[in-house]
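Below are the chains, spelled out letter by letter.
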Amino acid sequence: MRKLTYFIACSIDGFIGDPQGDARTMMAFVDEEFLAFLKEEYPETISAEGRKALGLSDLENRRFDTVVQGRASYQLALDMGVTSPYGHMREFVASRTLTESPDPNVELIPEDLVGRVRELKAEESGLGIWLCGGSQLAGELIDEVDELVIKTYPLVYGSGMPMFGSGFAAGEFTLESVRTFGNGVLVRTYSRKR
């Protein structure tokens, strides 16, 4: 069984973006040290456009071969004219509003999101599935999340888009590791207690 990993950036107070989902203020913390970490540990989480701009197109996927994201998260790429933001992986977009995929590499999930993710988890592969965002999608899939990798940036938003857009349901995770960076970023990894 493959793992579904919610690999996400957030503020100290647990928001993944402002009330509209904009998280550009977090980009200021992607310095040389942090980028080296991403290249070494999570290269597939660097977008195809970012990889090209940084001369990293030849990096192999280390942890994930599949990415699942929500419609709002995907729209950020579409607004920049990018139809396959993670073309180096299989891409799935959960959307009830898109009727046709704008890219052959992007498969839409219009219904039964949990069922489709369970099918993906049951596939044979040495690599896992990255839950890219956003908040509502993570809320719908909270019971399927096996691992959390939380990149906490030294920012306080006060309000905004929470990590999980869902009703209250306590779920317990075990802290596996914490990595600190000179710029104040923490990367915490948790596994679900089952």
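Attention in this report is confined to the structure presented alongside it.

## Here we look at the sheet that holds strand 7 (residues 147–153)
The sheet built from eight strands is open, its strands ordered 5-4-3-6-1-7-10-9 with mixed pairing. Of all strands in the sheet, those bounded by a partner on one side alone are strand 5 (106–109) and strand 9 (173–180). If you compare each strand with its neighbour and ignore which way they point, the axes differ by 25 degrees on average. By the bridge criterion, six bridges tie strand 7 to strand 10 (residues 186–192) in an arrangement that is antiparallel. Each bridged residue has a counterpart across the sheet, and for Glu-147 the counterpart in strand 10 is Ser-191. Running at roughly 100 degrees to strand 3 (residues 64–70), helix 3 (residues 71–79) makes contact with strand 3, strand 4 (90–94), strand 5 and strand 6 (128–133) of the sheet.

## Points about unusual backbone geometry
With an omega of 10 degrees, the peptide bond running from Gly-133 to Gly-134 counts as cis. Note on placement: Gly-134 falls in the loop between strand 6 and helix 5 (135–140). Phi at Asp-112 takes a positive value of approximately 50 degrees, unusual for a residue other than glycine. Here Asp-112 is to be found in the loop between strand 5 and helix 4 (113–122).

## Let's talk about the environment of Pro-85
Relative to the elements of secondary structure, Pro-85 occurs in the loop between helix 3 and strand 4. Taking the C-alpha atoms as reference points, Pro-85 and Gly-50, 35 residues apart in sequence, are found 9.2 Å from one another. If near-sequence neighbours (up to four positions away) are discounted, Pro-85 is found in contact with Ser-47, Ala-48, Gln-69, Tyr-74, Ala-77 and Glu-91.

## Thoughts on a nonpolar patch on the surface
Together, Leu-175, Val-178 and Leu-186 line one region of the surface with nonpolar side chains, adding up to about 230 Å² of accessible area. Residue position: Leu-186 is located in strand 10.

## Re the pattern of salt bridges
Taken as a whole and assessed by the stated rule, the structure comprises 14 salt bridges. A salt bridge links Arg-2 to Asp-65, with the nearest nitrogen and oxygen atoms 2.6 Å apart. With a gap of 63 residues between them, Arg-2 in the segment before strand 1 (4–11) and Asp-65 in strand 3 connect regions that are remote in the sequence. Relative accessible area serves as the criterion here: at 4%, Arg-2 is assigned to the buried category. A salt bridge links Lys-52 to Glu-49; the shortest N-O distance between them is 3.8 Å. Placement of the pair is Lys-52 and Glu-49 together in helix 2 (residues 48–53), with a separation of three residues, close to one helical turn. Through salt bridges with shared partners, a single ionic network connects Arg-2, Asp-65, Arg-90 and Glu-123.

What counts, and where the lines are drawn
Residues numbered from 1 in each chain as written. Predicted model: local features only at pLDDT ≥ 70, side-chain atom pairs only at ≥ 80, totals over all residues. Heavy atoms only, no water. Pairing = 2+ DSSP bridges. Helix = DSSP H or I, 4+ residues; strand = E, 2+ residues; numbered from the N terminus. Axes fitted to C-alpha atoms, helices over the stretch in contact; angles between N-to-C directions. Contact = heavy atoms within 4.5 Å. Patch = residues over 30% accessible without salt bridge, like charges linked within 9 Å, V, L, I, M, F, W, Y side chains within 5 Å. Areas by Shrake-Rupley, 256 points an atom, 1.4 Å probe, with all protein chains shown as cover. Salt bridge = Lys/Arg side-chain N within 4 Å of Asp/Glu carboxyl O. Buried < 20%, exposed > 50% of the residue type's maximum accessible area, 1.4 Å probe, protein only.

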